[in-house]
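Each chain, letter by letter, is given below.
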Amino acid sequence: GLAGHNGLKSIRDRLGSAQFRRLRLGIGRPEHGSPSSFVLAPFSKDERGELDDYLERASRLLLSELRSGQADGS
């Protein structure tokens, strides 16, 4: 589902369907405070150090999915 995510709702509206695949990249949850403040905050020094590897793994997964040709969600 779209879980109230406005960006996903916009994609659904543009495509005319909610039947699309997505790659979700998680950032965790705050121990305390507002989730929106957590999501919008700059990465910490430790997080920045891990970011390149994280994005590299995500890009490999995305390329693998695109190459598989399974755009129907199976």
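Residues numbered from 1 in each chain as written. Predicted model: local features only at pLDDT ≥ 70, side-chain atom pairs only at ≥ 80, totals over all residues. Heavy atoms only, no water.

### Let's talk about the environment of Ser 68
Right, on to step 1. Tracing the backbone shows Ser 68 in helix H3 (residues 45-68).
Right, on to step 2. Note on Ser 68: relative accessible area 38%, which makes it partly exposed.
Right, on to step 3. It is 15 Å that separates the C-alpha atoms of Ser 68 and Phe 20, two residues lying 48 residues apart in sequence. (Helix = DSSP H or I, 4+ residues; strand = E, 2+ residues; numbered from the N terminus. Buried < 20%, exposed > 50% of the residue type's maximum accessible area, 1.4 Å probe, protein only.)

### A short note on the environment of His 5
Right, on to step 1. The residue His 5 is located in the segment before helix H1 (6-15) in this model.
Right, on to step 2. Residue His 5 is classed as partly exposed on the basis of its relative accessible area of 45%.

### Some remarks on the pattern of salt bridges
Right, on to step 1. Scanning the model with the defined rule gives 4 salt bridges in all.
Right, on to step 2. Between Asp 13 and Arg 12 there is a salt bridge whose closest N-O contact spans 3.1 Å.
Right, on to step 3. With relative accessibility at 54%, the residue Asp 13 sits in the exposed group.
Right, on to step 4. Taking the shortest distance from any N to any O, the salt bridge between Arg 57 and Asp 53 comes out at 3.2 Å. Here Arg 57 and its partner Asp 53 are both found in helix H3, 4 residues apart, which amounts to about one turn of the helix.
Right, on to step 5. Since its relative accessible area comes to 45%, Asp 53 is described here as partly exposed. (Salt bridge = Lys/Arg side-chain N within 4 Å of Asp/Glu carboxyl O.)

### Side note on the layout of surface pockets
Right, on to step 1. A volume near 580 Å³ is recorded for the largest pocket.
Right, on to step 2. Taken together, 16 residues form the lining of the largest pocket, with His 5, Arg 22, Arg 24, Leu 25 and Val 39 sitting closest to its centre.
Right, on to step 3. Ranked by residues supplied to the lining of the largest pocket, first place goes to helix H2 (residues 35-40) with 3 residues.
Right, on to step 4. Across the lining of the largest pocket, the residue classes break down as 10 nonpolar, 3 polar and 3 charged.
Right, on to step 5. Of the volumes computed, that of the second largest pocket is approximately 350 Å³.
Right, on to step 6. As for the second largest pocket, its lining consists of 14 residues, and the residues nearest its centre are Gly 26, Ile 27, Phe 43, Glu 47 and Leu 51.
Right, on to step 7. Listed by contribution, the elements that provide at least two residues to the lining of the second largest pocket are H2 and H3.
Right, on to step 8. With 6 residues, the top contributor of residues to the lining of the second largest pocket is H3.
Right, on to step 9. In the lining of the second largest pocket, the residues fall into 10 nonpolar, 1 polar and 3 charged. (1 Å grid on protein atoms, 1.4 Å probe; cavity = no way out; pocket = protein on both sides within 12 Å on 5 of 7 lines; lining within 4 Å. Points joined across faces, edges and corners; volume = space filled by probe spheres on them. Nonpolar A, V, L, I, M, F, W, Y, C, P; charged D, E, K, R; others polar.)

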